[in-house]
Amino acid sequence: MQFHEVRFPATLSFGSVGGPERRTDVVTISNGFEERNSPWAHSRRRYDAGLGMRSLDDVETLIAFFEARFGQLYAFRWKDWSDYRSAKPSADISAFDQVIGTGDGTQTEFTLIKAYQSGTYSYVRPISKPVIGTVVVGVNGAALVEGEDYSIEHETGVITFVTAPDAGVEVTAGFEFDVPVRFDTDRIQTSIASFQAGEVPNVPIVEVRI
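So, here's what we can say about the structure. Within each chain, residue numbers correspond to sequence positions counted from 1 in written order. Only residues with pLDDT of at least 70 get local features here, since the model is predicted, and only at 80 or more are side-chain atom pairs given and counted; chain-wide, interface and lining totals rely on the full set of residues. Note that water and hydrogens are dropped before the side-chain values are worked out from all heavy atoms of the structure.

**What about the pattern of salt bridges?**
A side chain of one charge can pair with a side chain of the opposite charge if their charged atoms are brought near each other.
So, step 1. Note on definitions: salt bridges are taken to be side-chain nitrogens of Lys or Arg within 4 Å of carboxyl oxygens of Asp or Glu. A full pass over the atoms with the stated rule returns 11 salt bridges.
So, step 2. When the shortest N-O distance is used, the salt bridge between R45 and D83 registers 4.0 Å. One end of the pair, R45, is in strand β5 (residues 44-48); the other, D83, is in the loop between β6 (75-78) and β7 (98-102), and 38 residues separate them in sequence. Just as R45 is buried, D83 falls in that class too.
So, step 3. Overlapping salt bridges bring together E5, R7, R77, K129 and D178 as one network. Only DSSP runs of H or I reaching four residues or more are called helices, and only runs of E reaching two or more are called strands; each is numbered from the N terminus. Burial classification: accessible surface area is computed with a 1.4 Å probe over protein chains only, and a residue below 20% of its type maximum counts as buried, one above 50% as exposed, and the rest as partly exposed.

Written out as structure tokens, the structure reads:
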């Protein structure tokens, strides 16, 4: 896909609003009961970057970034300040935050994931844009060394082990990650007068599938 491996300025995404979106089809049948179905296996996130604009310099930075992406044409990285780590906000990232698979003695490639648990139910989210320098990996409770024991593709989130983990052992990882997104508009409208009066531009951002 058309993707630029560059992050939207984190100082501008801070203060934005947004979060996950689900698609659910709801049909009410004649007896009043409902039938619900979701055509989406994964949620999709939407944001408004306009609320992160605090100065005219910020607006200029936004316009430059928008132009360099050719509007909606090229996707890019986005830091979701409310959800960008494998661990809880109050905890340090460790190699044992997320279980990303179980060894079978032959598989050498594993993809980063993040599990969202609530009671006995959970959702597993693929992570395709880990942040360089933040990924740590463990096997069977032991932390490994990047470059010696494994390598990581930061464009896809795929971890490749030098030696396949033994059968039955847990493969774990900790990381920071970005969301692959694009502008959800081909137009950025700004006004110096309105901005100084406290208004900010509407800058819709939407997650893309990788």
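**Observations concerning the side chain of D58**
So, step 1. By the secondary structure assignment, D58 is in helix α2 (residues 56-68).
So, step 2. On the basis of relative accessible area, D58 is assigned to the buried category, the value being 16%.

**Here's the deal with the side chain of Q98**
So, step 1. Among the secondary structure elements, Q98 is positioned in strand β7.
So, step 2. Whenever two N or O atoms come within 3.5 Å, that pair is a polar contact, provided that in protein one can donate a hydrogen and the other can accept it, and provided that, for residues adjacent in sequence, both atoms are side-chain atoms. Among the polar contacts made by the side chain of Q98, one reaches the main-chain amide nitrogen of A115 at a distance of 2.9 Å.
So, step 3. Contact between two residues is taken to exist if any of their heavy atoms lie within 4.5 Å; hydrogens are not considered. Each residue touching Q98, except ones within four places of it in the same chain, is listed here: S86, I113, K114, A115, V171, T172, A173 and F175.

**Observations concerning unusual backbone geometry**
So, step 1. In this structure, F70 takes a positive phi of about 55° despite not being glycine.
So, step 2. A positive phi angle, near 55°, is found at N140, a position not held by glycine.
So, step 3. By the secondary structure assignment, N140 is in the loop between β11 (136-139) and β12 (142-143).

**Looking at the environment of V26**
So, step 1. Here V26 shows up in strand β3 (residues 25-28).
So, step 2. Excluding its chain neighbours within four sequence positions, the residues that come into contact with V26 are E34, E35 and R36.

**Here's the deal with the sheet that holds β12**
So, step 1. Strand order across the open sheet formed by four strands is β7-β15-β11-β12, with antiparallel pairing between neighbours. Two strands lie at the open edges of the sheet, namely β7 and β12, each paired on one side alone.
So, step 2. Two strands qualify as a pair provided that DSSP identifies no fewer than 2 bridges between them. One ladder, built from four bridges, connects β11 with strand β15 (residues 170-174); its direction is antiparallel. Across the sheet, V139 pairs through a bridge with V171, a residue of β15.

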